[in-house]
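What follows is the residue order along each chain.
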Number of protein chains: 2
Amino acid sequence: MNTRARARRGEGAHLREELLDATERLLAATGDEEMVSVRAIAEAVGVSPPAIYLHFPDKDALIFEVCAARFAELDRFIEDAAAGVRDPIEALVVRGRAYVRFGVENPEQYRVLFMRRGSARALTPAELRETAAFGNLVKAVERAQQAGRLTSSEDGVRIAMELWAVAHGVTSLLIGVHGFPWPADFADRVLRTYVDGLSSRADTSS
Amino acid sequence: MNTRARARRGEGAHLREELLDATERLLAATGDEEMVSVRAIAEAVGVSPPAIYLHFPDKDALIFEVCAARFAELDRFIEDAAAGVRDPIEALVVRGRAYVRFGVENPEQYRVLFMRRGSARALTPAELRETAAFGNLVKAVERAQQAGRLTSSEDGVRIAMELWAVAHGVTSLLIGVHGFPWPADFADRVLRTYVDGLSSRADTSS
DNA sequence: TGTACATCAGTGAACGCGCGTTCACTGATGTAC
DNA sequence: TGTACATCAGTGAACGCGCGTTCACTGATGTAC
């Protein structure tokens, strides 16, 4: 029953922002995309459901925009975490850990981005490859290659995909399988073991 | 519009089997749990929707039973794949590969088992640990430990959880992110790199 | 300075849909006497 | 051997629900003359 003053002329776009904010809050609070209905969003903002269609073509576009914004945050979060780390191998572990942590703290957005059925709007592979988050991971891999800590005979993109798969595995199990006795250092352990394995590929080839 | 002869007295349980079969087929065919409605299942079998409630307390119990059965198949599939493999480290890779393959070939059942929201009925952690599939993985890890190929100073269950996370990461990305240029040997590469990393843990401790 | 008018930011009611589930029932099948 | 009856395996119609979306509208706000 949140009431809201009607926006003044030319300021209709304010509602757009409020809708995005409310959707994000609901997604985070309920932790369930299916509970974030058009009606729930509208009520949270203090507006009638049809008002949403003044600013978004449909519900999916709204949800997706919220999640895409969160995706940009994911990139920033990872970059911040890795910023001070000199050692390029350690930096890969730190990145992975940041990725996992972000996913665990924003499980529903994570689900919408990476664990959704094919039917709904999701990041296309092309979009995904062009995201800052993935691009920065590829660069981090390449730095490790240039420092001679990973084999340079392999494509950095491929290695980045592998690291993504490992971090995603940890993240989605932590999100999806509650109550399992995951050790506190689980993510760290898995990531570290993986980069060890990557390093040994380098050792055998050089 | 499948019509079906009413079962004779005492043979009502036949319908139960037919319902399980039809649900499994629909799940596999549509690849979308949400399309597998009570009405769709009933129609596939040639029976009215309420007939389902003669055999299952609710829809969730039916879906879950189908998926749990598939889970038992997963175990068999993995055991068959690993049966002839002598080398205990190679056996871990082979197991992982079988896991991924099974998931990719049964994506919707995989989703229901491992990628579902918390609200619905899912395997409890206790059930999960007691599944043959997880138990057999732990045993396979312990064989590698006993052969001196993995450090024995760590809990086999923990290492099994790590391998699961890695295999799950690959599986769920392959399922969830279609069209991304995953290499054909992606699963193999990731699993092999991980067991390499695990082996190097053993090297440093012994 | 006053007023007609276009525009903008919404609203209220309703649309049709498909869902899981319940309830009172039917009619064939087997059994007891 | 015939018949009344209990049982079993279903059916048909309807329940209430919440969903995303559409449509005709309203009423305040600013602008032109």
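Quick caveat, the model's predicted, so the values are computed rather than measured. (Residues numbered from 1 in each chain as written. Chains lettered and ligands numbered in written order. Predicted model: local features only at pLDDT ≥ 70, side-chain atom pairs only at ≥ 80, totals over all residues. Heavy atoms only, no water.)

Could you give me a rundown of the overall build of chain A, with the residues and numbers involved?
Summing up its helical and strand segments, chain A has nine helices and zero strands in all. For chain A, the N- to C-terminal ordering of α and β elements is α-α-α-α-α-α-α-α-α. Dimensions of chain A, computed from C-alpha atoms along their principal axes, come out at roughly 65 × 40 × 35 Å. When each of the 206 residues of chain A is scored for burial, the buried share is 50%. When the accessible area of chain A is evaluated, it comes to approximately 9800 Å², of which 51% is carbon and sulfur surface. Charge separation in chain A, taken as the distance between the mean sites of 26 positive and 30 negative side-chain charges, equals 3 Å. (Helix = DSSP H or I, 4+ residues; strand = E, 2+ residues; numbered from the N terminus. Buried < 20%, exposed > 50% of the residue type's maximum accessible area, 1.4 Å probe, protein only. Areas by Shrake-Rupley, 256 points an atom, 1.4 Å probe, with all protein chains shown as cover. Lys, Arg positive; Asp, Glu negative; His and termini not counted. Charge placed at Lys NZ, Arg CZ, Asp CG, Glu CD.)

Tell me about helix α2 (residues 38-45) of chain B, and please be specific about residues and values.
All names here are of chain B. Listing the buried residues of α2 in full gives Val38, Ile41, Ala42 and Val45. Buried residues of α2 fall within an arc of 95 degrees about the axis and therefore sit on the same side. Residues of α2 that are buried sit in contact with α1 (13-30) and α3 (59-82). Taken from the residues just after α2, Gly46 is the one with a positive phi, measuring 90 degrees. (Arc of directions from axis to C-beta. Contact = heavy atoms within 4.5 Å.)

Account for the interface of chain A and chain B, naming residues and giving values.
Every contact between the two is made by 43 residues of chain A and, on the other side, 42 residues of chain B. Together, the buried faces of chain A and chain B total about 3900 Å²; carbon and sulfur atoms form 64% of this surface. Interface area lost by chain A to chain B is led by Arg117, Met161 and Phe180 of chain A, which between them contribute 17%. Summed over the shared surface of chain A and chain B, the result is four salt bridges. Put simply, Arg158 of chain A and Asp185 of chain B hold a salt bridge, and the shortest N to O gap is 3.0 Å. The interface formed by chain A and chain B contains eight residue pairs in polar contact (both at pLDDT 80 or more). At the level of elements, α5 (107-114), α6 (125-130), α8 (156-176) and α9 (186-205) of chain A are the ones that each hand at least two residues to the side of chain A that touches chain B. When residues of the side of chain A that touches chain B are assigned to their parent elements, the largest contribution, 12 residues, is made by α8 of chain A. (Buried area = accessible area lost by both parts, 1.4 Å probe. Salt bridge = Lys/Arg side-chain N within 4 Å of Asp/Glu carboxyl O. Polar contact = N/O pair within 3.5 Å; in protein donor to acceptor, adjacent residues only side chain to side chain.)

Account for the protein's contact with DNA strand D, with residues named and values stated.
Looking at DNA strand D, there are 25 residues lining it, with Arg9, Arg39 and Tyr53 of chain A together with Arg6 and Ser48 of chain B nearest. By atom count, sugar and phosphate contribute 51% of the portion of DNA strand D lying within 4 Å of the protein. Contacts to DNA strand D include Lys59 of chain A, whose side-chain N or O atom sits 2.7 Å from a phosphate oxygen. In this structure, a phosphate oxygen belonging to DNA strand D sits 3.1 Å away from a main-chain N or O atom of Gly12 of chain B. (Near = heavy atom within 4 Å.)

Could you give me a rundown of the packing of aromatic side chains, with the residues and numbers involved?
Going through the model one piece at a time under the given rule, you end up with 25 aromatic pairs over all chains. Through a chain of ring-to-ring contacts, the aromatic side chains of Phe71, Tyr99, Tyr110, Phe114, Phe134 and Trp164 of chain A together with Phe180, Trp182 and Phe186 of chain B assemble into a single cluster. (Phe/Tyr/Trp six-rings, centres within 6.5 Å; stacked < 30°, edge-to-face > 60°.)

For the pattern of salt bridges, give the residues involved together with the corresponding values.
Per the counting criterion, the structure on display carries 32 salt bridges over all chains. Among the charged side chains, a salt-bridge network with shared partners connects Glu154, Arg158, Glu162 and Arg201 of chain A together with Asp185 and Arg189 of chain B.

Lay out the relation of the copies chain A and chain B with the relevant residues and their values.
Each copy of the sequence occupies a distinct position, and chain A is placed on chain B by a rotation of 180 degrees and an axial shift of 0.0 Å, giving an RMSD of 0.0 Å. Given the turn and translation reported, the copies of this chain are related as if by a two-fold rotation axis. Of all interface residues in chain A, 98% are interface residues in chain B too; the two copies therefore contact each other through one and the same surface. (Least-squares fit on C-alpha atoms with pLDDT ≥ 70 in both.)

Tell me about the domain arrangement of chain A, and name the residues and values.
Residue and element names in this part refer to chain A. Entries for chain A in the domain assignment read domain 1 (12-56) and domain 2 (68-205). The C-alpha centroid of domain 2 is placed 30 Å from the C-alpha centroid of domain 1. On the domain 2 side, the residues contacting the six residues of domain 1 number six residues. For the pair domain 1 and domain 2, the summed buried surface comes to about 510 Å²; carbon and sulfur atoms form 44% of the total. Ranking the residues of domain 1 by area buried against domain 2 places Glu24, Leu27 and Glu33 at the top, with a combined share of 79%. Counting every contact that joins domain 1 to domain 2 gives one salt bridge. Salt-bridge contacts for Glu24 lead to Arg70; the nearest nitrogen and oxygen are separated by 2.0 Å. (Domains from an automatic or database assignment.)

Pulling in residues and values, what's your account of the packing of α8 of chain A against helix α8 (residues 156-176) of chain B?
Geometry of a packed helix pair, given as the angle between the helix axes and the separation of the axes. The interhelical angle for the contact between α8 of chain A and α8 of chain B, taken along N-to-C directions, is 105 degrees, at an axis separation of 7 Å. Considering their axes alone, α8 of chain A and α8 of chain B lie roughly perpendicular with respect to each other. Residues Trp164, Ala165, His168, Gly169, Val170, Ser172 and Leu173 of chain A of α8 of chain A form the contact with α8 of chain B, whose own contacting residues are Trp164, Ala165, His168, Gly169, Val170, Ser172 and Leu173 of chain B. Split into classes, the residues belonging to the contact of α8 of chain A with α8 of chain B amount to eight nonpolar, six polar and no charged. (Axes fitted to C-alpha atoms, helices over the stretch in contact; angles between N-to-C directions. Parallel < 35°, antiparallel > 145°, perpendicular 65-115°, else oblique. Nonpolar A, V, L, I, M, F, W, Y, C, P; charged D, E, K, R; others polar.)

Can you tell me about the layout of surface pockets, naming the residues and giving the values?
Residues and elements named next belong to chain B. Roughly 240 Å³ of internal volume is contained in the second largest pocket. Taken together, Arg4, Arg6, Ala7, Gly12, Leu15, Val47, Ala51, Leu54 and His55 make up the lining of the second largest pocket. Residue classes in the lining of the second largest pocket are distributed as five nonpolar, two polar and two charged. (1 Å grid on protein atoms, 1.4 Å probe; cavity = no way out; pocket = protein on both sides within 12 Å on 5 of 7 lines; lining within 4 Å. Points joined across faces, edges and corners; volume = space filled by probe spheres on them.)

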